[in-house]
Amino acid sequence: MKRSVLSGVLLGVLCFASVAMAQEEGASYGGRGQGWSVLSGQTMGQGGTAFVGQVGWPGISLGLLHGATSKFDIGGRFSFNYGREGIVTSVVPGLKLQAWTRLMLLQGPRVNVGLHFAPGPFFYFHENGTDVGLTLPVGLTVGIPVGSAVMLNAGMDIPFYVIFGSGGGPVFPILFGGGLEYFIDRNLAVHFNVRMGPSIFPYESVRYRGRARFTMEAMFGLAYRF
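Parameters and conventions
Residues numbered from 1 in each chain as written. Predicted model: local features only at pLDDT ≥ 70, side-chain atom pairs only at ≥ 80, totals over all residues. Heavy atoms only, no water. Salt bridge = Lys/Arg side-chain N within 4 Å of Asp/Glu carboxyl O. Helix = DSSP H or I, 4+ residues; strand = E, 2+ residues; numbered from the N terminus. Buried < 20%, exposed > 50% of the residue type's maximum accessible area, 1.4 Å probe, protein only. pLDDT = per-residue confidence, 0-100. Contact = heavy atoms within 4.5 Å. 1 Å grid on protein atoms, 1.4 Å probe; cavity = no way out; pocket = protein on both sides within 12 Å on 5 of 7 lines; lining within 4 Å. Points joined across faces, edges and corners; volume = space filled by probe spheres on them. Nonpolar A, V, L, I, M, F, W, Y, C, P; charged D, E, K, R; others polar. Core = buried A, V, L, I, M, F, W, Y, C linked by side-chain atoms within 4.5 Å. Polar contact = N/O pair within 3.5 Å; in protein donor to acceptor, adjacent residues only side chain to side chain. Phe/Tyr/Trp six-rings, centres within 6.5 Å; stacked < 30°, edge-to-face > 60°.

Student: How should I be thinking about the pattern of salt bridges in this particular structure?
Tutor: Pairing between side chains of opposite charge can happen when their charged atoms approach one another. The final tally for this structure, using the stated rule, is four salt bridges. Residues arginine 84 and aspartate 131 are paired through a salt bridge, measuring 2.9 Å at the closest nitrogen-oxygen approach. Of this pair, arginine 84 sits in the loop between strand E3 (72-81) and strand E4 (94-107) while aspartate 131 sits in strand E7 (residues 129-146); the two residues are 47 residues apart in sequence, bridging distant segments of the chain. For aspartate 131, a relative accessible area of 10% puts it in the buried group. A salt bridge links lysine 96 to glutamate 85, with the nearest nitrogen and oxygen atoms 3.3 Å apart. With lysine 96 in strand E4 and glutamate 85 in the loop between E3 and E4, this pair connects stretches of sequence that are 11 residues apart. The pair formed by lysine 96 and glutamate 85 is uniform in burial state, with each residue classed as buried.

Structure representation (structure tokens):
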């Protein structure tokens, strides 16, 4: 059933994009999007900077993203989470501080492709102690501009992390999904993004007994470019 849900999300994004692009046959990339994005494979552009706020599951985050070059963004992000790394059955408060980098691999007239990487430490506060760990998430995103106001995306994330200390170890989430950005004007966008899949524990965790757990990230957000 999980595979059916994931396939449906990706198929829906691609079908919607195909219909919209068919209605705009012959349009150039310059007429699509606003020249920047925080979710797709497209970057901020050299010198562009955006403030990004998000809320949903597993928490609330604030970030700053700057276009170091035309194809590379760098920034940082702070998160307060109430779900431990997106695991839907683990409601635990935590803090996470990450660097935030994005690299655009390809920009064509109808599609863009990019990589993102956001390493950093995290802390989750249980009744009997604190989990301390390091997250090393990497992801691949395909962006599809639809007119000048909408940017769709589909992608795969592997938000790998390690929990230190007794009962800890590496965890391998494998998440798929999609999302969209709607540009209210050239400098302001609202967005929604969802990724879901299993988190695999290749060791006997005290809390999870070595089983895979369903994981989801579903975030609404706002990005302001200045």
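Student: Just checking my understanding: could you explain the confidence of the model for the chain for this structure?
Tutor: Should pLDDT be low for a region, the predicted coordinates there are not to be read in detail. Confidence along the chain averages 86 in pLDDT terms, with 82% of residues attaining 70 or more. Counting interchain partners and residues more than four positions distant, the pLDDT-below-50 stretch residues 1-7 has four contacts. A low-confidence stretch, residues 9-30 stays under pLDDT 50, and its non-local contacts, those more than four residues away or across chains, total 31 contacts.

Student: Even after reading the chapter, I still don't get empty space enclosed by the protein, so can you show me in this structure?
Tutor: Over the atoms, a rolled probe matching the size of one water molecule traces out where space is still vacant. One pass over the full model with this rule turns up one cavity of 30 Å³ or more. A volume near 710 Å³ is recorded for the largest cavity. If you trace the largest cavity, you find 42 residues lining it, with Gln54, Arg77, His116, Asp157 and Glu217 closest to the centre. The leading source of residues in the lining of the largest cavity is E4, at six residues. Of the residues in the lining of the largest cavity, the class split is 18 nonpolar, 17 polar and seven charged.

Student: I tried to follow the nonpolar core on my own but got confused; where do I start?
Tutor: Within soluble globular proteins, side chains that are nonpolar generally end up buried alongside one another. Trp36, Val38, Leu39, Met44, Ala50, Val52, Leu65, Trp100, Met151, Phe183, Ala189 and Ala223 form the largest nonpolar core, which has 12 residues in total. Here leucine 39 is in contact with Gln54, Arg102, Thr141, Asn153, Leu180, Glu181, His191, Phe192 and Asn193, once residues within four sequence places are set aside. Judged by nonpolar contacts, the second largest core, of eight residues, contains Ile87, Phe122, Tyr161 and Phe201.

Student: Is there a simple way to explain the side chain of threonine 215 in this structure?
Tutor: Mapping threonine 215 onto the fold places it in strand E12 (residues 213-225). Residue classification places threonine 215 among the buried positions, given a relative accessible area of 0%. From its side chain, threonine 215 meets the backbone oxygen of arginine 213 in a polar contact 3.2 Å long. The contacts of threonine 215, once residues within four sequence positions are left out, are Glu85, Gly86, Ile87, Leu175, Arg195, Met196, Gly197, Pro198 and Ser199.

Student: Even after reading the chapter, I still don't get the environment of glycine 48, so can you show me in this structure?
Tutor: Looking at the secondary structure, you find glycine 48 in the loop between helix H1 (2-22) and strand E1 (49-57). Given the relative accessible area of 3%, glycine 48 is considered buried. With near-sequence residues (within four places) excluded, glycine 48 lies in contact with Leu65, His66, Gly67 and Arg225.

Student: Would you mind going over the packing of aromatic side chains with me for this structure?
Tutor: Any two aromatic rings considered together are summarised by their centre-to-centre distance and by the angle between their planes. Throughout the structure, instances matching the rule amount to eight aromatic pairs. Ring centres 6.1 Å apart and planes at 55 degrees place the aromatic pair tryptophan 57 and tyrosine 82 in the tilted group. Of this pair, tryptophan 57 sits in strand E1 while tyrosine 82 is found in the loop between E3 and E4, placing the two residues 25 residues apart along the sequence. Tyrosine 82 gets classed as partly exposed once you look at its relative accessible area, which sits at 28%. On the basis of an interplanar angle of 80 degrees and a centroid distance of 5.7 Å, the ring pair of phenylalanine 122 and tyrosine 161 is categorised as edge-to-face.

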